[in-house]
Amino acid sequence: MAERMSALSEQSPSIWRRLDPAAALGRLSESRYWMYLLLVPSAILILAVVLYPTVYGFQLSFRQMRLNRPDLGTGFVGFKHYIYMWSDKVFWLSLRNTAVWVTFAVVIEFALGLVAALALNRNLPGTKIMGVLILLPFFLPNVVAGHMWALLLDPRLGVVNDILVRLGFLETYKAWFADPSTALGAAILVEAWHGFPFFALLLLAGLKGVPDDLYKAASVDGAGPIRQLRLITLPMLRSVIAAAVILRVIGLVNSPDLLLILTGGGPGQSTQVLSLYAFQKAYKDFNFGYAGALSVVMFVLLMVFAWAYVRVSKVNQD
Amino acid sequence: MITTSRRARLGWNIATYAVLITLTIFCIFPLVWTLLTSLKYEADIVTQTMQYIPKRITFDNYVAIWTQSGFPTLVFNSFVVTATTVVLCLITGTLAAYSFSRFHYPGRGVLMLGYLVIRMFPAVLMIIPLFILMRGVGLLDSRFGLALAYTSFLLPLFVWMLKGFFDAAPKELESAARIDGCTRLGAMVRIVLPLARNGLVATSVFVAIAAWNEFLFALMLTTSQGSRTWPVGLQLMVGEFQLPWGVLAAGGIISIIPVMILFAIVQRTMVHGITAGAVKG
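What counts and what doesn't
- Every residue gets a number counted from 1 within its own chain, in the order that chain's sequence is written.
- Both sets of labels track the order of writing: A upward for chains, 1 upward for ligands.
- Residues qualify for local features only when their pLDDT is at least 70, as the model is predicted, and side-chain atom pairs are given and counted only at 80 or more; totals for whole chains, interfaces and linings, by contrast, use all residues.
- Domain start and stop positions are those given by an automatic or database domain assignment.
- Once C-beta atoms are placed from the backbone, any two residues with those atoms within 7 Å are in contact.
- Here a helix means four or more residues in a row that DSSP labels H or I, a strand means two or more in a row labelled E, and each is numbered from the N terminus.
- When residues are grouped by polarity, Ala, Val, Leu, Ile, Met, Phe, Trp, Tyr, Cys and Pro land in nonpolar, Asp, Glu, Lys and Arg in charged, and all others, Gly among them, in polar.
- What a helix is expected to span follows from its residue count: subtract one and scale by 1.5 Å.
- Exposed residues have 12 or fewer other C-beta atoms within 10 Å of their own C-beta, buried residues have 20 or more, and residues in between are partly exposed; the C-beta atoms are placed from the backbone.
- What we call a nonpolar core is a set of buried Ala, Val, Leu, Ile, Met, Phe, Trp, Tyr and Cys residues whose membership is set by joining through C-beta atoms within 7 Å.

Draft legend 1. Representation of the domain arrangement of chain A. Taken domain by domain, chain A consists of domain 1 (27–52) and domain 2 (61–211 + 239–317). Taken over C-alpha atoms, the centre of domain 1 of chain A sits 33 Å from the centre of domain 2 of chain A.

Draft legend 2. Summary view of the domain arrangement of chain B. Residues and elements named next belong to chain B. One can read the domain layout of chain B as domain 1 (2–59) and domain 2 (61–280). The gap between the C-alpha centroids of domain 1 and domain 2 is 30 Å. Counting residues at the interface gives nine residues for domain 1 and 10 residues for domain 2. When contributions to the side of domain 1 that touches domain 2 are tallied by element, the ones reaching two or more residues are helix 1 (2–38) and helix 2 (42–45). Among the elements that take part in the side of domain 1 that touches domain 2, helix 1 stands out by supplying four residues, more than any other. Across the side of domain 1 that touches domain 2, the residue classes break down as three nonpolar, four polar and two charged.

Draft legend 3. Focus on helix 6 (residues 123–136) of chain B. End to end, helix 6 of chain B covers 19 Å across 14 residues, agreeing with the expected 20 Å (1.5 Å per residue, within 8%). Taken as a whole, helix 6 of chain B has its buried residues at B:Ala123, B:Val124, B:Leu125, B:Met126, B:Ile127, B:Ile128, B:Pro129, B:Leu130 and B:Met134. Structurally, helix 6 of chain B contributes buried residues whose contacts are with helix 4 (40–60), helix 13 (238–254), helix 15 (274–283) and helix 16 (288–313) of chain A together with helix 7 (143–168) and helix 11 (216–221) of chain B. Once helix 6 of chain B ends, the next one or two residues include B:Gly138, with phi positive near 75°.

Draft legend 4. Structural view of the interface of chain B and chain A. Facing the 86 residues of chain B at the interface are 78 residues of chain A. For the side of chain B that touches chain A, the element with the most residues is helix 1 of chain B, which contributes 16 residues. For the side of chain B that touches chain A, the per-class residue count stands at 59 nonpolar, 23 polar and four charged.

Draft legend 5. View of the nonpolar core. Residues A:Ala200 and B:Leu154 are the most contacted members of the largest nonpolar core, which totals 168 residues. Of all the elements, helix 7 of chain B adds the most residues to this core, at 17 residues. For B:Leu154, the contacting residues outside a window of four places in its chain are B:Thr85, B:Cys89, B:Val207, B:Ala210 and B:Ala211.

Here it is in structure tokens:
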């Protein structure tokens, strides 16, 4: 009996160790499937909350579903929506506007973000507070950013108009969002203001990870700031840049928020983009089927872009 | 030689200041203007000649937005949704990012692309079916349901960004810990996570801001005051009551205060970022 007891007490530490969740997880991490197990929690969440609705949405694009026309039913209509899209002038206009919108916004935002990050990374005295202030616009929600710029650019109360008139650039106040020739440009300005801190913050965080030794070695070898940027900084930031550009493009293509608040696609259809058009088809016309088809086309175009971009920047090979 | 390099440095310093001052003005002028507008009487906003510096100041707009609407509830709802989203992302996303960063295995490339593809799903395509699904499981018009939706579409952003930071953390220290008898999990928790700490904080802040600001999903998935977040509430007020510019501006200013506090904390953590320290030292 006493022997047994002592055997038990000798065993108990190892039993305790076996039941300890941290130790159990530690042993689990030595399994050859550990890299897959790490993905399980996020994968479950994504499958349940993203994949199912999306598959549902895909099949919606092949169905008739108009909430305000229940008499039409919800039967399958094949490629009807896609065929209609081919002859839909607004669709082609939205596609063109989306390309303009995304290209200009990303190029301007990346350029401003890189300049800001490089300038902030020099850590000159007094620039720390500017770093905080420059990053601020990104924190602002679209709802506030939109209304703020609507106030700034207002045709009657807009301070931007007032300044431009005082400086002599404008004769009279201009209705930026009411003129089809300036509406998209003005919206891109707002988007650039709103989005460039995203690049600045990511690139700055990336820059902090670049070892100083590389720059010291480069300047000993006689490389100037421009060559250091080209030969050290940009290559070292490659994966951060790739991630930032892809995420921004996806965000810009998919989210109609800012344009919805600023212009609602107008005047006419001059600021209509694909995401906004799909949104309006769903929420104004209650035409869920056609909205689904528009979203599917948007999604396929994005997939092609991301595939090509990942190929080009070779982020998978590091 | 020395004088030219000193002169060059002076030139670069001047250029740096010029760039930063210009960008700062561009960034904060709309904010300053909104702040000024929020402090003006409505009569001073709608004037013939622009008032740059308000002649008189009032806090009426702040009192109006805070007491005459459900704004406090809206802000609290947003806070709960945001916090829940960040916790869910940290738990699930960190593991996935670590897997992608540290292991090379069959299917890794495809899986990474898969996570990216999720991010590309158009919100408009997901929103209607998600509405039906959430209604089916009783998560419609609930803060947790909204946080779940946010987590799932913010996870890819979180994972991809964090992978970049994990990649930047030197692998040598981890190998040394493994040789000293650490399990893989031990090496990850004790070596890699502390090394990537500023990355973890930066990515968490991104997710928090995205959740705090989100508009479309909240508009669709919340239907009552009980779970409605503040961007939706504010936008609805603009539509319903023809919200005056001053009150709208006050609401906007209130909404960015928590964000500014959050960011102030991140600034400090980034300065003392342990990754940079470890790499340099």
